[in-house]
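In case you want the letters, here they are:
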Amino acid sequence: MRRYLLLFLILNGCANTHPKPGGSYLGLLAMPGITYHIFLDNQGAVPVLYNATFKGDPFPLDTIYFSGDSLHFRMKEYYSEYKGRFDPATNRIEGIWIDEDSQAHPLHFKAVMPDTVSGLHPRSSPVYTYEKPALMEDGIKTNTREAQKLSSAGMDSVITHLANGKFKDVHSLLVARNNELVVEEYFYRINRDKVYNIQSATKSVVSALTGIAIGKKEIRNTQQTLCTSLPGYEKWTCDEKHKTITLHQLLTMSTGIEWDEQTYDYVDDRNSLVKASSDSDQFIHLLLLPRNTKTTPIFAYNSLNHILMNGVLRHATHMENKDELKTRLLQPLGIENYYIAEPTPMGAIGDIDLRPRDMLKFGLLYANQGRWNGKQVVPANWVTESTQPKIQPRPGLGYGYFWWTKDFEHKEKTVSSFFAWGYGGQYIFVVPALQLVVVMSGSHWGTDPVDQGVPIMEEILAAVDE
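This one's a predicted model, so the numbers in the text were calculated from it and none came from an experiment. (Residues numbered from 1 in each chain as written. Predicted model: local features only at pLDDT ≥ 70, side-chain atom pairs only at ≥ 80, totals over all residues. Heavy atoms only, no water.)

A. Looking closely at unusual backbone geometry. Positioned with a positive phi, N179 is a non-glycine residue whose angle comes to about 70°. Note that N179 resides in the loop between β11 (170-177) and β12 (180-186). On the basis of relative accessibility, which here comes to 29%, the residue N179 falls in the partly exposed class. (Helix = DSSP H or I, 4+ residues; strand = E, 2+ residues; numbered from the N terminus. Buried < 20%, exposed > 50% of the residue type's maximum accessible area, 1.4 Å probe, protein only.)

B. Main features of helix α8 (residues 304-317). Helix length check: α8 (14 residues) gives 20 Å between terminal C-alpha atoms against 20 Å at 1.5 Å per residue, within 8%. The buried fraction of α8 amounts to 12 of the 14 residues, a majority that puts the element mostly inside the structure. The inward-facing, buried residues of α8 contact α3 (202-215), α5 (247-251), α6 (272-277), α7 (282-287) and α9 (321-330). Where α8 ends, the next residue or the one after it, H318, has phi of about 60°, a positive value. (Expected span 1.5 Å × (residues − 1). Contact = heavy atoms within 4.5 Å.)

C. Main features of α3. Its 14 residues place the ends of α3 20 Å apart at the C-alpha level, agreeing with the 20 Å of an ideal helix rising 1.5 Å per residue. For α3, the buried fraction is high: 12 of the 14 residues fall into the buried class. The complete set of buried residues in α3 reads T202, K203, S204, V205, V206, S207, A208, L209, T210, G211, I212 and A213. A positive backbone phi angle near 65° is found at K217, which sits one or two residues after α3.

D. Spatial organisation of the layout of surface pockets. Approximately 470 Å³ is the volume found for the largest pocket. Forming the walls of the largest pocket are 15 residues, and the residues nearest its centre are Y36, N51, F59, M75 and Y78. Going through the elements one at a time, β1 (23-31) and β4 (57-58) are the ones with two or more residues in the lining of the largest pocket. Across the lining of the largest pocket, the residue classes tally to 9 nonpolar, 2 polar and 4 charged. In this structure, the second largest pocket occupies an estimated 400 Å³ of space. Forming the boundary of the second largest pocket are 20 residues, of which Q199, L273, S303, I307 and D351 lie nearest the centre. Sorting the residues of the lining of the second largest pocket by element identifies α6 and α8 as the ones contributing at least two each. Each residue belonging to the lining of the second largest pocket can be placed in one class, and the counts come to 9 nonpolar, 7 polar and 4 charged. (1 Å grid on protein atoms, 1.4 Å probe; cavity = no way out; pocket = protein on both sides within 12 Å on 5 of 7 lines; lining within 4 Å. Points joined across faces, edges and corners; volume = space filled by probe spheres on them. Nonpolar A, V, L, I, M, F, W, Y, C, P; charged D, E, K, R; others polar.)

E. Expanded view of the sheet that holds strand β15 (residues 352-354). Pairing is antiparallel across the open sheet formed by 3 strands, whose spatial order is β13-β15-β14. The strands lining the two open edges of the sheet, one partner per strand, are β13 (196-197) and β14 (338-340). In terms of strand pairing, β13 meets β15 through 2 bridges, oriented antiparallel. Looking at the pairing, Y196 lines up with L354 of β15. Seen against the sheet, α9 touches β14 and β15 and runs at an angle of roughly 150° to β14. (Pairing = 2+ DSSP bridges. Axes fitted to C-alpha atoms, helices over the stretch in contact; angles between N-to-C directions.)

F. Spotlight on the packing of helix α2 (residues 152-163) against helix α12 (residues 453-462). Contact geometry of α2 with α12 gives a least axis separation of 8 Å together with a crossing angle of 155°. With respect to each other, α2 and α12 are oriented roughly antiparallel. Here α2 runs over α12; the crossing is right-handed. Where α2 abuts α12, its residues M155, V158, H161 and L162 lie against I456, E459 and I460. (Parallel < 35°, antiparallel > 145°, perpendicular 65-115°, else oblique. Left-handed = near helix turned anticlockwise from the far one by under 90°.)

G. Region of the structure containing empty space enclosed by the protein. For the coordinates displayed, the defined rule picks out 5 cavities of 30 Å³ or more. Here the largest cavity defines a volume of roughly 70 Å³. Around the largest cavity, the lining comprises 15 residues; the ones closest to its centre are V170, G424, G425, H444 and Q452. Contributions of two or more residues to the lining of the largest cavity are made by β23 (436-442) and α12. Element by element, the count of residues in the lining of the largest cavity is highest for β23, at 3 residues. Across the lining of the largest cavity, the residue classes tally to 4 nonpolar, 8 polar and 3 charged.

That is the geometry; function is a separate question.
Right, dumping it as structure tokens:
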């Protein structure tokens, strides 16, 4: 009996030699130019690792496990791995992150309460206190909400709803009225310096560049055909099936080419854009698809349309898209922090990255009929023309020239709006009758342009006095 008891005690002692950590841990990974906030949730059956640097998102791990007192995880996508050891005396995990260049970086995890990790929650404090937006040297005027007749209680309610999760994954909310920024709020670990991929809100930027080119007579008008506008692709654009496609149809998503980008998400192989992405020349892929030439136009949202339009602009202006965008829009608006990716294989650029305050500048530009600091940047007639609904994607929602349109109810009246929308919740709303501009950024992924943007706008409008 003694032998069995002794053996039990030995085995039990061995089992407890390497206790595993339980709970949640936060580590700071210092890299050149940025410190990543890495959150380890070890409360469930399987550990989960989050990048909480800005907003908590799970890392795409190939493997993560504890072996004895050692933690291991590997990310094949980033060619990175981690090896650390748990110290029960300090309740810490200390180890080394090996990056894609085989460089070693210290990464030590300390125990935390999840509620205190700002990257996991919109706000770490349930109490909201309004502050007037800071006056920066960026050409944007600021004021208080009350000075521009926005209800304090109403706007407090909007911010509370963003902070408590009624509306998901919103990173920023900026509200301007009468050319003055009166609300500037950021969530999670986001701040005003964060440069965002504005996704398909870029289409509205391309619309502005199109209007500028027409104003300079580099493009005749929107009835100009794609056949005469896109050199190098005449074999496809000028054939019997496509020769009648106009820039008007391109700008209004009504070319008649069979395309479905909104039924399925962008991670689904059935999405038309996902199908096209595997081809080296997506223009040819698009122009080989069937086309409906019925008299009544059919709306089919197509992200390749604005890249096609950039191809047209590249030829018409004799400028690379990047240079055209910089000289004709970004520089006149005083936008200095941005990112423009290298051109696609077709020579045209895709989506761009901007800060929320610079997205606001673009909205203010349109709220002022294309003028900024006394200079006409975009022709006023194009601002009016491009933001009028020309086709109805569905009841209650219109589409102009790469701008969405929607009417809202406000104080028992109907007010018209137009807005830029990008995947994930990137919005620039303009309500001309109220001199109101609203910007949102986020990561609420979905293919519906209404998504959360419209209900948030309805709450904001309820807070706007006449």
